[in-house]
Amino acid sequence: MLDTPDDIHPLFAGAPSTTEFKKLRKRIVRQTREAIDHYGMIERGARWLVCLSGGKDSYTLLAALHELQWRGLLPVEILACNLDQGQPGFPATVLPEFLDRMKVPHRIEYQDTYSVVVDKVPQGRTYCALCSRLRRGNLYRIAREEGCSAVVLGHHRDDILETFFMNLFHGGRLATMPPKLVNEEGDLFVYRPLAFVAEADCEKFARAMDYPVIPCDLCGSQDGLQRQQVKQILDGWERNSPGRRQVMFRSLMNARPSHLLDPKLFDFVGLSRDLSSQSGEETENPGEIPRLR
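Quick caveat, the model's predicted, so the values are computed rather than measured.

Taking strand neighbours across the sheet as the criterion, the six strands line up as 3-2-1-4-6-5 in an open arrangement whose pairing is mixed. Lying at the two open borders of the sheet, with one neighbouring strand each, are strand 3 (106-110) and strand 5 (180-182). Averaged over all adjacent pairs, the angle separating strand axes in this sheet is 25 degrees, with direction ignored. As paired elements, strand 4 (residues 150-152) and strand 6 (residues 189-191) share three bridges and run parallel to each other. Bridge pairing in strand 6 links valine 152 to tyrosine 191.

Here's what the structure looks like:
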């Protein structure tokens, strides 16, 4: 793929011609397609609202989806959307100019949620939860206005894994961000097609393509975020045992309710023995607790 100058989507214009980059691009596109197929995200003829924050992850998402669409592997209409939340210093012209240049259909929406977050969140607390909730509500509204059936987000494998450990460490539950869900109102899907893609690959890809990445200074400027703490723990595990992240991620796809402790997921009370399989022989020491074999 990408062997000739004409065999390319505009989002890949100027892509490095190195073998390393071609392998990276193919891996990202392949993993994106695998997640879409694995979780049944495609409704033929649907319209997707692809959320673009200006970060490395959302640029990677946009490029991978357009590559799949351009090659006839994603039969949906894509509308890119950026929600300008009124953050001081946000470069409001960067994304519109980029999307125009890339010939990507898009909608830019301005909603000053920044002022709401700063006003409502007590000093010293993180903004992320309220900021995310306000952003999501606006995106749902825009999706309905644009006739979209799905809101598509750029969360990758590491986001999903970090959320799992945040819930484990701080929320007291086994849960994470699923690749596919229905919103509370029941009228929109929420998709995460980068569920199988590593954050490091998103970073390498966006940097190699020289996309105009916009940092989130609202949340990133706060020290001591729980997510950053979890990320540091996972980074340490990965350094000590390369590949650990992928092993842990696979475990999220291999849940065994009967080997956990939630009676809502498995009927422990109704679990019974098969007495017909017993031989009737007594143990040598009836008073001892049998050893687990």
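Read on for the rest.
Here we come to a nonpolar patch on the surface. Residues Leu168, Phe169, Leu174, Ile233, Trp237 and Leu260 make up a contiguous nonpolar surface patch of about 510 Å² in total accessible area. Listing elements by their share of the nonpolar patch, those giving two or more residues are helix 6 (157-171) and helix 9 (226-240). Residue position: leucine 174 is located in the loop between helix 6 and strand 5. Residue leucine 174 is classed as exposed on the basis of its relative accessible area of 52%.

Scoring rules and cut-offs
- Residues numbered from 1 in each chain as written.
- Predicted model: local features only at pLDDT ≥ 70, side-chain atom pairs only at ≥ 80, totals over all residues.
- Heavy atoms only, no water.
- Pairing = 2+ DSSP bridges.
- Helix = DSSP H or I, 4+ residues; strand = E, 2+ residues; numbered from the N terminus.
- Axes fitted to C-alpha atoms, helices over the stretch in contact; angles between N-to-C directions.
- Patch = residues over 30% accessible without salt bridge, like charges linked within 9 Å, V, L, I, M, F, W, Y side chains within 5 Å.
- Areas by Shrake-Rupley, 256 points an atom, 1.4 Å probe, with all protein chains shown as cover.
- Salt bridge = Lys/Arg side-chain N within 4 Å of Asp/Glu carboxyl O.
- Buried < 20%, exposed > 50% of the residue type's maximum accessible area, 1.4 Å probe, protein only.

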